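Residues per chain are reported as follows:
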Amino acid sequence: MSGTVVTRFAPSPTGFLHIGGARTALFNWLFARHHGGKMLLRIEDTDRERSTEAAIQAILDGMTWLGLDWEGEVVHQFARAARHREVAEELLRRGKAYYCYATPEELEEMRALARKEGRPMRYDGRWRDRDPAEAPAGVKPVIRLKAPQTGETVVDDQVQGRVTWQNKDLDDLVLLRSDGTPTYMLAVVVDDHDMGVTHIIRGDDHLTNAARQTQIYEALGWAAPVMAHIPLIHGPDGAKLSKRHGALGIDAYRSMGYLPAALRNYLVRLGWSHGDQEIFSTEEMIAAFNLASIGRSPARFDFAKLENLNGHYMRLAPDEELVRAIEALLPEIGPARGLGTSLEPALRAKLLAAMPGLKERAKTLIELLDSASYLYASRPLQLDEKARGILDDDARTRLGQVLRRLESLDAWTPAGTEAAVRAAAEEAGVKLGLMAQPLRAALTGRSTSPGLFDVMEVLGREESLARLRDQTR
RNA sequence: GCGCCCAUCGUCUAGCGGUCUAGGACGUCGCCCUUUCACGGCGAAAACAGGGGUUCGAGUCCCCUUGGGCGCGCCA
């Protein structure tokens, strides 16, 4: 089908899948879905030195976790080196490329001189029209594109608009290295063509590359795909993303307790908008996504907004799903909390029962688990500072009064315990809060928690009473 | 240095010449709800980088300045 949209996500496996790459993948995925097309995945591993298997796995895992799937087999670019070479040689035969015998040293001199004289740093084309017979012995040549030297190269970008370069500002790029392996610039063009890619959506750090690749397409006589260069994501300080702030692997966001749905929603609104809408289900994103509404200015990464969104999606999530999400994270975060790597059935049941009250109050899965610590804390409870402050002598006296009423309670239900506590407060002549806070402190060891009567229900009669006795003694 | 791109509240953004005394969201600050904290509700402070044009009219078009970003490898 000629009208079918084919996009691709083409990361280089020299590191993890970072936040910018994840958004690029998301945009490609959304665009393909929107048009009923497909997204392909290609690993750009032509740099043998820096590509690692671990990085490839991290990228695949990251995408899977984010819920982004791809069509067919993953294409490994390096495996296609023979084809790339064939194309380079074809260009050579057709006079669109030439052998260049300049050594790395010569190239470095060229750049140094250019820098000194304040000229653009470009290859000077010294072998462009030279007879290969003059080739120095023992030097393996590279193949360079014989790029046009006059006129201009135009990229009609769907995001950036019509961008024009003067050809005199672009030099003859290397297509095939002296060892016979293709450069990225060649490989991308050949692969996108061979894979039938119709739309290239990628970071705008590739905008200049788009011009050079366009020249290759033209030399080859191939039609270039539609291009869309999206602005990069910056750190909170506006500078390039560094390890210090946002340039974490996508797995780090998982570890921090964010939900894939929240991250997708956060990411889709970074650079793209749909009127005033902030919340998008995956279906809504797919339905509304378009290239025209992608902004041209870079965005800063903002954890506060991600957290807010994450809280939103956690409140929306079914309790069972949240328990499972926590369980999935437990190998990482359980041991430090004395929980091991999986939940005991009894604790799991309590966590599930307490979830409605818990999820209302947490912004991440980590916070969620921590806020549930009263469920798995052992007696006598360690009181935090605020809880200690609440449990002064007066408070403990009041605690004793409620305790007697609770001990004689027939039905241990939220309604029952609430009635008892209210009665005790009335009897003591204090507001409910003065009775409730000491209870909370004794029951959870903290000054904040879900609704008290829910806490007591989940904890159960015996555990609740025992915790209260611990603090009245 | 050269090339290219960008510029609305602290942040993400709406705005596509007149309806903008610039809207929404996050964050911040009040108030309400309330057994705490959240949630929720109500409200507030908060922006068109600067200068020139074009036009009857400019946040919206053009130019310059300033400020950011990206690229300039036999890396991708």
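Residues numbered from 1 in each chain as written. Chains lettered and ligands numbered in written order. Predicted model: local features only at pLDDT ≥ 70, side-chain atom pairs only at ≥ 80, totals over all residues. Heavy atoms only, no water.

## What to know about the nonpolar core
Then comes step 1: The biggest cluster of nonpolar side chains holds 55 residues, and the ones touching the most others in it are Leu-351, Leu-358, Leu-375, Leu-406 and Leu-439.
Then comes step 2: When residues of this core are sorted by domain, at least three fall in each of domain 3 (319-376) and domain 4 (385-472).
Then comes step 3: Contacts of Leu-439, omitting those with residues within four sequence positions, involve Leu-399, Val-402, Leu-406, Val-421, Leu-452, Met-456 and Leu-468.
Then comes step 4: In this structure, Trp-65, Tyr-258, Val-268 and Ile-286 belong to the second largest nonpolar core, which totals 47 residues. (Core = buried A, V, L, I, M, F, W, Y, C linked by side-chain atoms within 4.5 Å. Buried < 20%, exposed > 50% of the residue type's maximum accessible area, 1.4 Å probe, protein only. Domains from an automatic or database assignment. Contact = heavy atoms within 4.5 Å.)

## A look at the protein's contact with RNA strand B
Then comes step 1: Near RNA strand B you find 66 residues, and of these Asp-47, Arg-177, Gly-271, Arg-361 and Arg-440 are the closest.
Then comes step 2: For RNA strand B, the backbone makes up 70% of the atoms found within 4 Å of the protein, where backbone means sugar plus phosphate.
Then comes step 3: Here Ser-178 contributes a side-chain N or O atom positioned 2.9 Å from a base oxygen of RNA strand B.
Then comes step 4: Among the elements that make up the surface near RNA strand B, the one with the highest residue count is helix α18 (residues 432-444) (5 residues).
Then comes step 5: Tallied by class, the residues present in the surface near RNA strand B amount to 22 nonpolar, 22 polar and 22 charged. (Near = heavy atom within 4 Å. Polar contact = N/O pair within 3.5 Å; in protein donor to acceptor, adjacent residues only side chain to side chain. Helix = DSSP H or I, 4+ residues; strand = E, 2+ residues; numbered from the N terminus. Nonpolar A, V, L, I, M, F, W, Y, C, P; charged D, E, K, R; others polar.)

## Focus: the environment of Leu-432
Then comes step 1: Relative to the helices and strands, Leu-432 resides in helix α18.
Then comes step 2: When the C-alpha atoms of Leu-432 and Val-421 are compared, they prove to be 7.8 Å apart, with 11 residues separating the residues in sequence.
Then comes step 3: Not counting the four nearest positions on each side in its chain, Leu-432 is found in contact with Val-421, Arg-422 and Ala-425.

## With respect to helix α2 (residues 53-66)
Then comes step 1: The first and last C-alpha atoms of α2 sit 20 Å apart over 14 residues, in line with the 20 Å expected at 1.5 Å per residue.
Then comes step 2: The complete set of buried residues in α2 reads Ala-55, Ile-56, Ile-59, Leu-60, Gly-62, Met-63, Trp-65 and Leu-66.
Then comes step 3: Just downstream of α2 lies Gly-67, where phi reads positive at about 85°. (Expected span 1.5 Å × (residues − 1).)

## Describing the domain arrangement of chain A
Then comes step 1: Considered domain by domain, chain A is made up of domain 1 (6-73 + 233-300), domain 2 (78-184), domain 3 (319-376) and domain 4 (385-472).
Then comes step 2: Between the C-alpha centres of domain 1 and domain 4 the distance comes to 48 Å.

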